[in-house]
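Chain residues, written in single-letter form:
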Amino acid sequence: MKKLFVIISVSIFVFSNFKTQAQSCLTDEYFQKQLNNNATLKNEIINAQQGIRLAGHSQKSARANVRIIPVVVHVLHQYGSENISRDQILDQIRIINLDFRRQNADASSTRSTFQNVAADCEVEFRMASKDPQGNCTDGIDRIYSSLTNTANDASKLNPWPKSNYLNIWIVKTIDGNVGGGGTGGTVLGYAQFPYPGSGATKTDGVIIRGDFFGSIGTAANNGYKGRVATHEVGHWLGLFHTFQGGCNGTFPAEDVYDTPPVDVANSSCPASNWNSCTNDVPDLPDQTENYMDYADGKCQNMFSAGQKDVIDYIFQNYRTNISTVANLKTTGVYDTSNTALCIPKADFYTPLLNVCQGSQIKFYDNSTRGKVANYTWYFENGNPATDNSADPTVSFTKAGTVYVKLVVSNASGKDSVTKTAYINVISNISGYKSPWQFGFDSNTALPAELSTFTTNSSNGFKLNKTTGYNSSSCLYINNYNNFNPGDYCELSLVPFDMTTKLAANLEFFISYSRRSASSFDNLKVFASNDCGINWNNIYSKSGGKLETTTSQNSSFIPASAADWRREKVSLSGYQAVQNLMLKFTFITSGVGNNFYMDNINIGGFPLATTNVEIANNIEIFPNPTNGNATIKLPETIYNNTRLIVVDMTGKQLSNVLLPNNSQTFELGNIYNNTLSKGIYQLIFVTEKGSVSKSLLVE
Ligand code: ZN
């Protein structure tokens, strides 16, 4: 009962119930929300409990037929560990069948006090073999969706009709605040009660984390033995927690005659004589082995006869259609002796969508519905180009995007799926040569060499055309508005050939003000020399370390160059890499302020050492000059030479390939703008090395 009071009495929950800090089932909080929203639900519960009492306990004896429930398991996934296997799903169905039929191997562990009330609930669960349209199914509905994360009712995608199926949704994690009453802690599952008003038709069912569904695969060794589903399906069949109502049975109380009152949820494996309420006659210990308490699954082993009465009442009054012979035939579970083999539905994935030319990557079959007998894979530019195994390993011979196709078949038929431009094969030698600078001044959109990702679709790294470092253009994140704690923004650069660099550095300018001392927004830079398989963190600053000017509680805009700071990160470990990948990540504290970045410079600032031979043979005249100058290269280096003009702040003004087969150039023809007064560095990147020469404009 105390769980229901969490909303209005947090301190009682915390101090009297400290053993249950691991909040595992959120059904009470979810139910409380429905009670708050629906005035008729309270009477519905009272009437149902009265009806169950009036029905008496005659149903404790065996019925002629076990009630069968068709099940659909919707697996919401992003091809991660939450995409649990068919074997793991079937293992869970096996467990709930044992538990609801009291065929569980640990039934003998029920203490003698309760052996005589432990019940076979006479309910059996079967995976549907026909979907709502009458098509062949194995009862597993795999759905690619980010709603698998921090799941709630909005994650209950593609519900099958509740009068025909028990809907179970498998997700990666569950929102700890479902119903607005949760404590934000870890939630393993929650269920919707059968009583009218307990929730929307389309959300009826059970939602459970994949790593607590079943007892094998990702759920092996978690200590719950698949009893999270037993517990949640118990709720779906109308059962309250045994501790509901506490010792005194305050509404909404559990009201089952053969489960002794329990003060607050038990956890772990309580002592065998544990007795939280002494007001019952006769005074019995807590029935901690009941599936509807919170003890660990390994200590749970029974439903009671009184709980079976509740379940029977639910079938007779609320879930009246689901176990009828007609529905069992409609859903294909009536006669399972010759269930049809479905045609498979082809699907596959690989966790690596960016790979180096020649690197080996593994592809995984994710076909659903019918068991696959034969596989045929097709890989564009692949080695091998075709494969007949379930999970092949392949490399790609050419750079560029490639398609992958999978054809699957069995005795019932075949299906195929083609994913176009699925894999981005990255050249081992990038066409983008360092040095390179992003100044953003001439851009009207994000440069093509950059790409962004954000978990907050309303924001992320964007081009800003109103401010910048000594300019009116830069990148920024509107981190003052629209942000929640933990939002993630990413800025990725195309791979660069670092062997052509001038310096083994990454440099960039940032401008950032904290909103307050509690702002801990974090900027990181990562580098990868294997096309994104492994990323090394080469820079990380947050909070006060990231700040470039004093904190302010209003939306921050840099006022002058003094609000900016030049950051320098060594890339000395990557000097020989010909396809270096770099990315910036920004994680918000939710109480931060705007972040600006400008003049991202890869390997672009002058070398400390100069190739003397080349340097001595490059002529620039006149120097000093009033703007223009003539450049004369030694004949030996004139082909494929790049000229970079950098101002005193290190800002790259131009980066152009000089025309081949020429030896003399007018600077004014190469650098189209007029150079204002100041000292510039002209950097020549040649096939024989790089040099920089100073030019004074008066
Ligand atoms: Zn529960």
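Residues numbered from 1 in each chain as written. Predicted model: local features only at pLDDT ≥ 70, side-chain atom pairs only at ≥ 80, totals over all residues. Heavy atoms only, no water.

Trainee: Outline the overall build of the protein, listing residues and values.
Mentor: When its secondary structure is counted, the protein shows eleven helices and 34 strands. The C-alpha atoms of the protein give a radius of gyration of 34 Å, which is well past the 26 Å a tight globule of 698 residues would have. Looking at the 698 residues of the protein, the share that counts as buried comes to 54%. Per element, the accessible surface of the protein, about 29000 Å² overall, is 49% carbon and sulfur. Taking the average location of the 55 positive side-chain charges in the protein and that of its 57 negative ones, the two points are 2 Å from each other. (Helix = DSSP H or I, 4+ residues; strand = E, 2+ residues; numbered from the N terminus. Rg over C-alpha atoms; globule rule 2.2 N^0.38 Å. Buried < 20%, exposed > 50% of the residue type's maximum accessible area, 1.4 Å probe, protein only. Areas by Shrake-Rupley, 256 points an atom, 1.4 Å probe, with all protein chains shown as cover. Lys, Arg positive; Asp, Glu negative; His and termini not counted. Charge placed at Lys NZ, Arg CZ, Asp CG, Glu CD.)

Trainee: So what's going on with the packing of aromatic side chains? Which residues, and what values?
Mentor: The tally for this structure, following the rule as stated, stands at 41 aromatic pairs. The rings of Phe31, Phe193, Tyr195, Phe240, Tyr313 and Tyr318 are connected pair by pair, giving a single aromatic cluster. Just above the ring of Tyr378 sits the side chain of Lys405; from NZ or CZ to the centre is 5.6 Å. The aromatic ring of Phe348 is capped on one face by Lys419, whose charged end is 4.7 Å from the ring centroid. (Phe/Tyr/Trp six-rings, centres within 6.5 Å; stacked < 30°, edge-to-face > 60°. Lys NZ or Arg CZ within 6 Å of the ring centre and 35° of its normal.)

Trainee: Any chance you could break down the nonpolar core for me, citing the residues and the numbers?
Mentor: Judged by nonpolar contacts, the single largest core of 48 residues is most densely connected at Phe100 and Phe125. Sort the elements by how many residues they give to this core and helix α7 (residues 305–317) lands first, with five residues. By size, the runner-up hydrophobic cluster in this structure holds 36 residues, among which are Met498, Leu506, Phe508 and Ala527. (Core = buried A, V, L, I, M, F, W, Y, C linked by side-chain atoms within 4.5 Å.)

Trainee: I'd like to hear about the packing of helix α4 (residues 86–100) against helix α6 (residues 227–236), residue by residue, with values.
Mentor: In contact at an axis separation of 9 Å, α4 and α6 are set at 60° when each is read in the N-to-C sense. Taken together, the axes of α4 and α6 are oblique relative to one another. Considering only the axes of α4 and α6, their crossing is right-handed. Between α4 and α6, the contacting residues are Gln92, Ile95, Ile96, Asp99 and Phe100 on the first element and Arg227, Ala229, Thr230, Val233 and Gly234 on the second. (Axes fitted to C-alpha atoms, helices over the stretch in contact; angles between N-to-C directions. Parallel < 35°, antiparallel > 145°, perpendicular 65-115°, else oblique. Left-handed = near helix turned anticlockwise from the far one by under 90°. Contact = heavy atoms within 4.5 Å.)

Trainee: Any details on the coordination of the zinc ion? Residues and values, ideally.
Mentor: The zinc ion binds to the protein through Cys25 (SG), His231 (NE2), His235 (NE2) and His241 (NE2); the donor distances cover 2.0 to 2.2 Å. Angles of 97 to 124° at the metal separate the four donor atoms of the zinc ion, which places the site in the tetrahedral class. Taken in sequence order, the residues that donate to the zinc ion follow the motif C-x205-H-x3-H-x5-H. Of this pair, Cys25 sits in the loop between α1 (10–16) and α2 (27–37) while His235 sits in helix α6, placing them 210 residues apart in sequence. Here Cys25 matches His235 in class, with each residue buried. (Donors = N, O, S within 2.8 Å, 3.2 Å for Na, K, Ca; no water. Tetrahedral: all angles 85-135°; square planar, octahedral: opposite > 155°, others 65-115°.)

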